[in-house]
Amino acid sequence: MRGSNIKQLWEGAMELPNLRIMDLADSRKLKMCPDFTNVSSLVELNFGGCISLVNVHSSIGGLKKLSFLNLGYTSIQSVPTGMQLESLWILILHSCKKLASIPENLGNMESLSHLTLDSSGVANFETSIVNHPRLVFLSMVGCKNLVNLPTAITQLESLEELFLNGCVYLKNIPDTVEKMVSLRTLELKHCRELRGLPNSICQIKSLVRVFLQDCPELERLPENLGDMESLEHLGVSGTGIKELPFSIVNLQKLETLEMDGCKEITFNSLRSFFLTVLGTSSMKHTPLSGCLTTLSLSNCSLRSIPQEIYCFKSLECLHLKGNDFEHLPLTMKRLSKLQTLSLSDCKRLEQIPELSGSLSSLIANDCLSLRTLWSVSVYQKIKVFQFRNCLKLADNNNFPIEVILSSQFQGNYALQGTGFLIIYPGDVIPKWFNHTIGDNGASLYIQLPQNWFIKFLGFVICVVLEKQIEEKAKGLKLIETFLADCYYDSFMFPALKCIEDSTMLIYYNKRPLDNHPYADQIRKDGVELTMKFVGEVKVKSCAIRVICKGDQTLGNVEEEGDLVSCAKKPRHY
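To start, this report covers the structure provided alongside it. Positions within a chain are numbered from 1, following the residues in the order the chain's sequence is written. Side-chain atom pairs in this predicted model are given and counted only at pLDDT of 80 or more, local residue features only at pLDDT of at least 70, and totals for whole chains, interfaces and linings cover all residues. Think of the side-chain values as coming from all heavy atoms in the structure, minus any hydrogens and water.

The way it works is that DSSP assigns letters per residue, a run of H or I at least four long becomes a helix, a run of E at least two long becomes a strand, and they are numbered from the N terminus. Counting secondary structure elements, the chain contains eight helices and 30 strands. Residue burial is assigned from relative accessible area. The probe radius is 1.4 Å, only protein chains are included, and a residue is buried under 20% of its type maximum, exposed over 50%, and partly exposed in between. Counting over 573 residues, the chain shows a buried share of 52%. We call two residues in contact when some of their heavy atoms are within 4.5 Å. Restricting the contact set of the chain to residue pairs at least 6 apart, pairs at least 24 apart contribute 53%. Surface accessibility in these figures is a Shrake-Rupley result with a 1.4 Å probe; residues are shielded only by whichever protein chains are displayed. When the accessible surface of the chain is split by element, carbon and sulfur atoms take 47% of a total near 25,200 Å².

Here's what the structure looks like:
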């Protein structure tokens, strides 16, 4: 009866001894909760989204087999007291705006494991919460009436996940929080009045994830943070933190450190942190240097990056978007495991030095001052390279696309991998492509020769996109088709703002063909490959190069030219 227009189910106590599931979710006109006295076998009861429901019949407290109860998005002002829901496992009170408190004598819910109070009016549950010793999940996201987290919550020794995001007036966490010995996840995002965490929180050895993003009044972390021996993810983006406690370098499992938008962080404090990670002559490497894989320092207004950043020898992802530096330290080459580097919106960045050959993703869109990329030939594992709106790279053809393409096919990575995407400014199709369609070339048609599949390794598409001042929602979709009726693959590229023409290269290897439902038909001699570019972005021109065995360098265009024939051909779609 989900989404029904019913206003009332039945009057009195109806005999329904075999009813196990009742789903009335989104029945927006339902006002009365029925008498459940004779519905003793009910296991699941869902009133979620019954916005006109204002009360809950007291008989609901006698449903001893009930394991799931959803009263979210209703207009109830209270829940019954003394309920004997001994089998209840999940209780949802999400968005019950008029529900101001949880009764002290809520009743016997000894099996309760998950309690959701998100966006409710609850401000106080001091004593009622301690009666649920098996509670492992508690969410109070967006409870704007919550000012102080009650001390009683620390008696929940089985609690593993606590979500308090968006409790905008929450000011403190109880000093006895260390009693929550099973806690693994603590989220306090967008708690705008939160000023700090008690030192006792670092005694919780089970904590794996702590997220404190967008708590602007939070200026410091506990000095003994390094005692959190299980901590893997720490997020302090958008806080007022000026420096990190020295003990953080003792964390042996920390994988992710997010500090985006921490504008109080200075070059000196950051360098001090890096130097501490490096350790002393007697202890060359601290635990943190070997475990951190992701570091986010985007939008921190940094005018320089300390050269000691190489201290993180296991770093794989580095996010530096929206900063004010002009150069990157040459020592970044020593980040031998770096795979992803994000530099978009670094408006003053002029050059990118040689980086580790392990790099597979470099995103530097809207770097308006960027002129030079050094030693791009070392990058032989490209998955994503994006330089949209880097206009100075287009001047005098500064973007080394020929070198980048050559490096991809000198080794075996591109031939064995899943493909790549490269975007750079300008409208010049590289000479490396041996089959080109000119202006308004919104489709490609290729006739493949006999035995083509034996040599086939993949193909690279080049598409020149006309500048797009306004962002378009639908983007550009590429559709490839073999033998007209055999769908091969598609690629959706979001049409982001491009202040000048941009060129996009996409490489597809043969892997999708291996398990294709029409593989035998596709592998026949003389098949046709058709690509059509569909979307709101105008394609000015396009080109393709089929990659075959023996065609792994830029110098073989003429030699391998007889492997395909390309021509414009009218098609019907």
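So much for the structure itself; the text now carries on.
Close approach of charged atoms allows side chains with opposite charge to pair. What makes a salt bridge here is a side-chain nitrogen of Lys or Arg within 4 Å of a carboxyl oxygen of Asp or Glu, nothing more. Throughout the structure, instances matching the rule amount to ten salt bridges. When the shortest N-O distance is used, the salt bridge between Arg271 and Glu308 registers 3.0 Å. Placement of Arg271 in helix H1 (residues 267-278) and of Glu308 in the loop between strand S14 (294-296) and strand S15 (317-319) is noted, with a sequence separation of 37 residues between them. Two residues, Lys347 and Asp345, come together in a salt bridge whose shortest N-O distance is 3.4 Å. Under the relative-accessibility criterion, Asp345 is labelled partly exposed at 35%. Taken together, the shared-partner salt bridges connect Arg2, Asp23 and Asp26 into one network.

The subject of this paragraph is H1. Along its twelve residues, H1 runs 16 Å from first to last C-alpha, staying within 8% of the 16 Å computed at 1.5 Å per residue. The set of residues buried in H1 consists of Ser269, Leu270, Phe273, Phe274, Val277 and Leu278. Residues of H1 that are buried make contact with strand S13 (256-258), helix H2 (287-291) and S14. Here, expected helix span is obtained from the residue count minus one, scaled by 1.5 Å.

With that settled, consider the layout of surface pockets. Estimated volume of the second largest pocket: approximately 220 Å³. Lining the second largest pocket are 15 residues, with Glu223, Glu243, Leu244, Pro245 and Phe246 positioned closest to its centre. Class assignment of the residues belonging to the lining of the second largest pocket gives a composition of seven nonpolar, three polar and five charged. Cavities and pockets were defined on a 1 Å grid built from protein atoms only: a cavity is a group of points that admits a 1.4 Å probe but offers it no way out, a pocket is an open group of points flanked by protein on both sides within 12 Å along at least five of seven lines, and a lining residue is one with an atom within 4 Å of any such point. Grid points are joined across faces, edges and corners, and a volume is the space filled by probe spheres set on the points. Residue polarity is assigned by list, with Asp, Glu, Lys and Arg as charged and Ala, Val, Leu, Ile, Met, Phe, Trp, Tyr, Cys and Pro as nonpolar; anything else, Gly included, falls into the polar class.

All right, on to the pairing of strand S24 (residues 456-465) then. In terms of residue burial, S24 counts as a mostly covered element, since ten of its ten residues are buried. Being paired, for any two strands, means DSSP has found at least two bridges between them. Relative to strand S27 (residues 502-509), S24 runs antiparallel, the two being bridged by eight bridges. Of the residues in S27, the one forming a bridge with Phe459 is Tyr508.

Tracing the backbone through its elements, the reader meets Met228 in the loop between strand S11 (209-211) and strand S12 (233-235). Linking Met228 and Ser206, residues 22 residues apart in sequence, is a C-alpha distance of 7.7 Å.

As a further point, take the packing of aromatic side chains. Stacked, edge-to-face and tilted are the three classes for Phe, Tyr and Trp ring pairs, Trp counted by its six-membered ring, which pair at centre distances within 6.5 Å; planes under 30 degrees apart are stacked, over 60 edge-to-face, the rest tilted. Applying the stated rule across the entire model yields ten aromatic pairs. Aromatic pair Phe273 and Phe312: ring centres 5.9 Å apart, planes at 50 degrees, arrangement tilted. A residue pair is termed long-range when its members are at least 10 positions apart, and Phe273 in helix H1 and Phe312 in the loop between S14 and S15 qualify at 39 residues. Judged by centre distance (6.0 Å) and plane angle (75 degrees), the ring pair of Phe385 and Phe387 falls under edge-to-face. Across the pair, exposure class does not vary: Phe385 and Phe387 are buried alike. Taken together, the aromatic side chains of Phe385, Phe387, Phe399 and Tyr424 make up a single cluster linked through ring pairs. Taking the ring centre of Trp432 as reference, the NZ or CZ of Arg545 above it sits at 4.8 Å. Look at NZ for Lys and CZ for Arg. If either is within 6 Å of the ring centre and within 35 degrees of the ring normal, a charge sits over the ring.

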